[in-house]
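Structural overview
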Amino acid sequence: MKYCQGPLCHTYDTQDRKRGPKGNKVNQTRRRSKFYYLGGNACNTQCERDWFEKFGEQALNHFGRITQPIVLQENNAWRKRYRWGFGDNEDQHYFFNMITREERNITEQQFNDNNYTLNT
Ligand SMILES: [Zn+2]
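Here goes a summary of the coordinates provided. (Residues numbered from 1 in each chain as written. Predicted model: local features only at pLDDT ≥ 70, side-chain atom pairs only at ≥ 80, totals over all residues. Heavy atoms only, no water.)

For the zinc ion, the full set of protein donor atoms is Cys-4 (SG), Cys-9 (SG), Cys-43 (SG) and Cys-47 (SG), and the range of their distances to it is 2.3 to 2.4 Å. Here the zinc ion is ringed by four donor atoms whose angles at the metal span 105 to 115°, and the overall shape comes out tetrahedral. In terms of primary sequence, the donors binding the zinc ion are separated according to C-x4-C-x33-C-x3-C. With Cys-9 in the loop between strand 1 (2–3) and strand 2 (18–19) and Cys-43 in the loop between strand 4 (31–32) and helix 1 (45–63), this residue pair connects regions lying 34 residues apart in the sequence. Taken as a pair, Cys-9 and Cys-43 share a single burial class, namely buried. (Donors = N, O, S within 2.8 Å, 3.2 Å for Na, K, Ca; no water. Tetrahedral: all angles 85-135°; square planar, octahedral: opposite > 155°, others 65-115°. Helix = DSSP H or I, 4+ residues; strand = E, 2+ residues; numbered from the N terminus. Buried < 20%, exposed > 50% of the residue type's maximum accessible area, 1.4 Å probe, protein only.)

Strand pairing in a sheet is mediated by backbone hydrogen bonds. Such pairs are either parallel or antiparallel. The strand order 5-6-7 describes an open sheet built from three strands, whose pairing is antiparallel. Every interior strand has two partners, whereas the edge strands, strand 5 (78–83) and strand 7 (103–106), have only one. Strand-to-strand, the axes of this sheet are offset by a mean angle of 35°, without reference to chain direction. For strand 6 (residues 92–97) and strand 7, the ladder comprises four bridges, and the chain directions are antiparallel. Along strand 7, the bridge assignment pairs Tyr-94 with Asn-105. (Pairing = 2+ DSSP bridges. Axes fitted to C-alpha atoms, helices over the stretch in contact; angles between N-to-C directions.)

One pass over the structure, following the stated rule, counts six salt bridges. The partner of Asp-13 in a salt bridge is Lys-18, with the nearest N and O atoms 2.6 Å apart. You can call Lys-18 partly exposed: its relative accessible area is 26%. Residue Glu-102 is joined to Arg-104 by a salt bridge in which the shortest nitrogen-to-oxygen separation is 2.6 Å. Through salt bridges with shared partners, one network takes in Asp-16, Arg-30 and Arg-32. (Salt bridge = Lys/Arg side-chain N within 4 Å of Asp/Glu carboxyl O.)

Take a look at the structure:
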């Protein structure tokens, strides 16, 4: 079990956050075995947003900002694509270059093989 990392989680008014006997109730941070937001660390998008509001800037500064554009070039721009066949046309599997728009046909087996790459 782990706690939601949303810094304001305990401030949202829901029944499942309430604990304690009558007359001595508190609102507390949600605790679950699994979360689906903030990479498995926040209970919902609100808590995810709250976390980023408070820590996003620090996180960017800590882990390093992108200070110049990251570039997609011809040699790393190949993506596998799939085209449904219709009528007399068969399904097509191919590599597509996002820069040059070139297409190179591959077999379905090559398409499904995650280790298969083009020799470019
Ligand atoms: Zn939360």
